[in-house]
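# Structural description and commentary
What follows is each chain in one-letter form.
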Amino acid sequence: MTSINTPPIVQIESPVALAQALAKTIADRLSNAINATGDASLVVSGGSTPKPLFEALRVHELDWSKVSITLADERWVPESDSDSNAAFVKKTLLQDKAAQARFISLYVDGETPEAGVATVHARLKSMAQPFTVLVLGMGGDGHTASLFPDAPGTEQAMIETESLVSIVKPTTVPQARITLTLAALMNTPCQLLHITGAEKRALLNGVLENPSESNYPIARFLQPDNDRISIYTTE
Ligand code: 6PG
């Protein structure tokens, strides 16, 4: 780990070995929280990067029945849709030992995002707050969770403080998104950014050179005064 005014960076070339190291960090934090307070909450990201992480995490020995899991963001689609992050988490993470965990969905069947957002907020309020651990991903366009650069709703999601979730309608992806707000995400004491590949690392390096001048949403987590975030990367 290195840290001089930039977040600690864990760099491991193999995506699987990186995922195993990250899974251990997460499992330790969840276990410590359960020992201290009786329960723990985990926020994970969707997309493709977390698959080996979820496979490594789900076999860790801990009292998963005390863990609540939700997503940093969701595509507004039912679980029958192949783009559903909830379906991906259920298939990939909520297996083996982690099958005992409670999952909180960010999607409400049959509702529009606007009609469903209050229900999702109420569901999230039932989880241990602040969340124990947050795992963020990052897109090649610098988005994280569903805070997409310049997308309708992103600015609101970055200033919202009443609701834990907000709606974003990026023009670059097919579906509306629901995302945890910047405030809810930033409030998490253990924030872990998980990225793989040279392209994302190059973007990240650019942001880290001057985070206060960067307009990428991920930059909001990489300011020098955020000592809650660590980066796990292959490159
Ligand atoms: C989603 C995510 C999103 C993801 C990045 C990276 O629903 O798409 O939660 O924020 O973390 O887009 O996605 P990849 O891992 O597929 O590159």
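Refer to the structure printed above.
Small disclaimer: the values here were computed from a predicted structure and weren't measured. (Residues numbered from 1 in each chain as written. Predicted model: local features only at pLDDT ≥ 70, side-chain atom pairs only at ≥ 80, totals over all residues. Heavy atoms only, no water.)

## Here we look at the site of the ligand
Neighbouring the ligand are 15 residues; Thr-49, Asp-73, Asn-85, Ala-145 and Lys-200 lie closest to it. The contact in question runs from an oxygen atom of the ligand to an N or O atom on the side chain of Asn-85, over 2.7 Å. Take Arg-177: an N or O atom from its side chain is 3.3 Å from an oxygen atom of the ligand. For the ligand, whose unbound accessible area comes to 420 Å², protein coverage reaches 88%. Given that more than half its atoms are within 2 Å of the pocket grid, the ligand belongs to the largest pocket. Looking at side-chain class alone, the shell around the ligand contains two nonpolar, nine polar and four charged residues. (Near = heavy atom within 4 Å. Polar contact = N/O pair within 3.5 Å; in protein donor to acceptor, adjacent residues only side chain to side chain. Areas by Shrake-Rupley, 256 points an atom, 1.4 Å probe, with all protein chains shown as cover. 1 Å grid on protein atoms, 1.4 Å probe; cavity = no way out; pocket = protein on both sides within 12 Å on 5 of 7 lines; lining within 4 Å. Sits in = over half its atoms within 2 Å of the grid points. Nonpolar A, V, L, I, M, F, W, Y, C, P; charged D, E, K, R; others polar.)

## Quick notes on empty space enclosed by the protein
Going through the model one piece at a time under the given rule, you end up with one cavity of 30 Å³ or more. Empty space within the largest cavity amounts to approximately 40 Å³. Around the largest cavity, the lining residues are Ser-45, Gly-46, Thr-49, Pro-50, Leu-53, Val-135, Leu-136, Gly-137 and His-194. Here the lining of the largest cavity is built from residues that sort into four nonpolar, five polar and no charged. (Points joined across faces, edges and corners; volume = space filled by probe spheres on them.)

## Considering the layout of surface pockets
Space inside the largest pocket adds up to approximately 270 Å³. Along the wall of the largest pocket there are 19 residues; nearest its centre are Gly-46, Gly-47, Met-138, Gly-139 and His-143. Looking at the lining of the largest pocket residue by residue, the class counts come to four nonpolar, 11 polar and four charged. Computed from the structure, the second largest pocket encloses a volume of approximately 150 Å³. Around the second largest pocket, the lining residues are Pro-149, Asp-150, Ala-151, Thr-154, Glu-155, Met-158, Asn-215, Tyr-216 and Pro-217. Of the residues that constitute the lining of the second largest pocket, the class distribution is five nonpolar, two polar and two charged.

## Details of the pattern of salt bridges
The final tally for this structure, using the stated rule, is nine salt bridges. The closest approach of N and O atoms between Glu-61 and Lys-97, which form a salt bridge, is 3.6 Å. A residue pair is termed long-range when its members are at least 10 positions apart, and Glu-61 in the loop between helix 2 (51-57) and strand 3 (67-71) and Lys-97 in the loop between helix 3 (85-92) and strand 5 (102-103) qualify at 36 residues. We note a salt bridge from Glu-79 to Lys-90, for which the minimum N-O separation is 3.0 Å. With Glu-79 in the loop between strand 4 (73-75) and helix 3 and Lys-90 in helix 3, this pair connects stretches of sequence that are 11 residues apart. Taking the relative accessible area as the measure of exposure, Lys-90 reaches 33% and is therefore partly exposed. (Salt bridge = Lys/Arg side-chain N within 4 Å of Asp/Glu carboxyl O. Helix = DSSP H or I, 4+ residues; strand = E, 2+ residues; numbered from the N terminus. Buried < 20%, exposed > 50% of the residue type's maximum accessible area, 1.4 Å probe, protein only.)

## Points about the sheet that holds strand 2 (residues 40-44)
Reading across from one edge, 1-10-9-6-2-3-5 is the order of the seven strands in this open sheet, with parallel pairing throughout. Whereas interior strands pair on both sides, the edge strands pair on one side only; in this sheet they are strand 1 (9-11) and strand 5. Pairing analysis gives two bridges linking strand 2 to strand 6 (residues 133-136), with the strands arranged parallel. Across the sheet, residue Leu-42 finds its bridge partner in strand 6, namely Val-133. (Pairing = 2+ DSSP bridges.)

## Brief notes about the pairing of strand 2
Among the five residues that make up strand 2, five are buried, leaving the element largely enclosed by the rest of the structure. Burial along strand 2 is two-sided: the residues Ala-40, Leu-42 and Val-44 and Ser-41 and Val-43 are all buried. Pairing of strand 2 with strand 3 involves five bridges; the strand directions are parallel. Along strand 3, the bridge assignment pairs Val-44 with Leu-71.

## Brief notes about helix 4 (residues 113-124)
Under the 1.5 Å per step criterion, the end-to-end length of helix 4 is 15 Å for 12 residues, consistent within 8% with the ideal 16 Å. Within the sequence span of helix 4, burial applies to Pro-113, Gly-116, Val-117, Val-120, His-121 and Leu-124. Down the axis of helix 4, the smallest arc covering the buried residues is 150°, so these residues share one side. Lining the buried residues of helix 4 we find strand 3, strand 7 (165-168) and strand 8 (177-180). (Expected span 1.5 Å × (residues − 1). Arc of directions from axis to C-beta. Contact = heavy atoms within 4.5 Å.)

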